[in-house]
Amino acid sequence: MATMPGILTDWPWKSLGSFKHMILAPWAIHSTYSFLVKEKDERDLGYFLIFPFLLLRMLHNQIWISFSRYKTAKGSNRIVDKGIEFEQVDRESNWDDQIILNGLMLYIGYSFSLGIHLPLWRMDGVIMTILLHAGPVEFLYYWLHRLLHHHYLYSRYHSHHHSSIATEPITSVIHPFAEHIAYFALFAIPLATTLVTGTASIISFAAYITYIDLMNNMGHCNFELTPKTLFSIFPPLKFLMYTPSFHSLHHTQFRTNYSLFMPLYDYIYNTADKCSDTLYEASLKRSEDSPDVVHLMHLTTPESIYYLQFGFASLASKPYTYKWYVWIMWPITLFWSVIMSWIHGQAFISERNAFNGLKSQSWVVPKYAIQYKFKRQREAINGFIEEAILEADKRGVKVLTLGLLNQGEELNRNGEIYLQKNPWLKIKVVDGSSLAVAVVLNSIPQGTTQVLLRGDLTKVAYAVTFALCRRGIQVATMNKHEGEKLGQRVTIPQSNLVVHPITHAPKVWLVGDDLGCEEQMKAAKGTVFIPFSQFPPKKWRKDCVYYSTPAMIVPKAFENLHSCENWLPRRVMSAWRIAGILHALEGWNEHECGDQIFNVEKVWEASLRHGFVPFTTSSS
C-alpha cells in the first residue's frame, strides 16, 4: 500500500477475493458460444482467443517468477543482495489483477468495434505498432514516470511499487488501480491507432502485449541475463533496450533510470544513472554463492513442487494446506514430476537465506516421500544424498543437515554410512537430533511426572526417554515389547520405565509418525500430543491439544525467508534445520549422525543465545 493512499488505489473487485476471476466468466462464455454457433464466415477468431490468451499470459508470468527465484537462489549474476520477506510476497500477491483488467478492456473494446473482424496478420500494422511504441509510448511513459515521482503522487500511488527493493519479475505490475488505468491508456495508443486505421491484426495485438510482459518481467529480475555480446555486435542497442541491472538502479536510487524499456530518454534528459554500466558488468561477472550451511530436503508429494519458493508464491508463503485447484492441475503435476526426475539427476537449490553473516541454502532431493518407503529405492536415494554431500564438501560448505526422511535410520543410519564411505570429508554432517530433543523436553508442561511414549523408537525417542528418566519423570509405553527395547538402549533404572494400558495412559503423549485415529480416540479428554517426529500426527480429536513438531521461531535478522517450511507457520523453522545453522555459527567441529547426539543442553543454550525462540503454539 502507498504511504498515503489516494483515490482509486484499491482494485474495484478487491472484496471478491479469490472469486475475482469470475468477472471474466460471462465474457469468456459469450465469446466461446458466439464462435461455436455462428456460421464459419462470421466467426470472430480474435474475440474467441482473448480468454486463452489471458491464460497464456498468466503462464508466461509464472514461468518468469519460477525462473527468477531459482536463479536468484543460486546467486549467479545476482544484482541486489537484499532478500524478500513475507510482506513483499503478500503485497505482490494480486499480480493477476492487471490481467483481469486487460481482459475486461479487450472484451469491451471488441464489443464496441462495430463487428470488425481482425485478420490474423498484417505487416503494416506490426510496423506501425513498433513505431508508435518507440515514439509516443516510450516518450509519454518517461514523463509520466517522472511525474509519479513527484512527492504528491509518489506518496499516494507510486511508493506502493517502490516498496520492493529486491525486485521479482512480477513486481513490474504491482501498482495501484489508478496507475494501471494510466498505463493501459498509454499502451492502448498503438492498439487503438492500428484499429482505427484498419491495420490491426490478431498477431500485432498479441505480440505487442506479450512484448510488454516479456520486457516488464525481464527488467525486474534480480539477476542480469542480457549477454554482453548483444551490445558488442550492435552498440546502439544500449539506448533501445534496458537490462535488469539498469532498472534495478531505479529501485535503489529512485531518481534515475526512469525509462520504460528504452533507456534513450534517460540519456537524452540526463537521468541515466552513472553506475549503470558498472553494475551491469559486475552482475554479469558474479558467480554462484558458496553457502556455509546446506539443508537437504526432499519433495513430499508430487504437488509439493508448487509449495517451494520457486513454485506458487501464494502457496509457498503459507503453511501447507490442500488446495482443490492444485488437484485439478494433476496432468501438469504429473508432467513436472517426470521432468524433475529425468532432468534433475541430482539435488537442486530451492532457496537461500542469510543470518549473522552466515549463508545458507536449501537443496532438494528429487524424490517423493512415498519413494522412501520402498526398499528398492533406497540405493538410488542414498546415491542422491551422498552426491549432494560430496558436492557440498567440494564447494566448501561447513555443515550439511539431513532433513525429513533423508536421515532415516533404516535408510542410512542417520547419515552414518556417508561418513564410513567418505572418512576424509571436511563437511560436518548433522541430523539435528540434539535440538529436536531439546525442543521436545522444553515443550513438556511443568509439573508433569509421567508421559506416554508412542510411535517409532527413533534416535530422538531414545534420547528424550533418557533425559526424562534422568529428571525423574516416568516414561510409559503401551506394551512390554516397546519397554524392553527402550530398556536395552537407555541405561536408566527400570523403575522409570512402565507399561500402561491405553485406557489409563498419562495425559501427556510423546508421539511419532504412526499415531493413528484409533489410538487417539482412546486418549483421555485434554490429552496433550507432543510430536518428536518431523511429520505431525493427523488431528482426529477436537478435545485434545496438538503441539507442533519440534521447531523454533527464527530471529528477525534471518533474511530472505518468504516461504513456509512444510506445515509450519511463517518464520518458524524445524529444529533439525536450525541445528545445522547453530553448528556452523558456533564452529562445532564434530558430526551428529548415527547414534551420536550432541550435547542437548549446549545446543539449546546456543539456540536461545542466537535469538531463536521456542515455538509454543498449539492447537486444539
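Heads up: the structure comes first, above all this text.
Residues numbered from 1 in each chain as written. Predicted model: local features only at pLDDT ≥ 70, side-chain atom pairs only at ≥ 80, totals over all residues. Heavy atoms only, no water.

(A) Highlighting the sheet that holds strand S1 (residues 293-298). Pairing is mixed across the open sheet formed by five strands, whose spatial order is S2-S3-S1-S4-S5. Two strands in the sheet have a free side with no partner beyond their single neighbour: strand S2 (348-355) and strand S5 (428-430). In this sheet, neighbouring strand axes are inclined to one another by 20° on average, regardless of whether the strands run parallel or antiparallel. Of the pairings in the sheet, the one linking S1 to strand S3 (residues 358-365) comprises six bridges and is parallel in character. Directly across from Leu296, in S3, lies its bridge partner Trp363. Where helix H2 (residues 45-74) meets the sheet, it contacts S2 and S3, and its direction lies at approximately 60° from that of S2. (Pairing = 2+ DSSP bridges. Helix = DSSP H or I, 4+ residues; strand = E, 2+ residues; numbered from the N terminus. Axes fitted to C-alpha atoms, helices over the stretch in contact; angles between N-to-C directions. Contact = heavy atoms within 4.5 Å.)

(B) The pattern of salt bridges, seen in detail. Inspection of the entire model under this criterion finds 27 salt bridges. For Lys421, the salt bridge goes to Glu386, with nearest N and O atoms at 2.9 Å. With Lys421 in helix H19 (residues 416-421) and Glu386 in helix H17 (residues 375-394), this residue pair connects regions lying 35 residues apart in the sequence. Between Arg609 and Glu586 there is a salt bridge, with the nearest N and O atoms lying 2.6 Å from each other. Residue Arg609 is located in helix H25 (residues 600-609), and its partner Glu586 is located in helix H24 (residues 575-586); the two are separated by 23 residues in the primary sequence. By relative accessible area, which is 26% here, Glu586 ends up partly exposed. Here the residues in one salt-bridge network are Arg78, Asp81, Arg286 and Asp289, joined through shared partners. (Salt bridge = Lys/Arg side-chain N within 4 Å of Asp/Glu carboxyl O. Buried < 20%, exposed > 50% of the residue type's maximum accessible area, 1.4 Å probe, protein only.)

(C) Just unusual backbone geometry, in detail. One non-glycine residue with positive phi stands out, namely Phe254, at about 75°. Looking at the element boundaries, Phe254 is found in the loop between helix H11 (244-253) and helix H12 (264-268). Of note in the backbone geometry, Asn270 takes a positive phi value of approximately 60° without being a glycine.

Take it as geometry only, folks, not as evidence of what the structure does.
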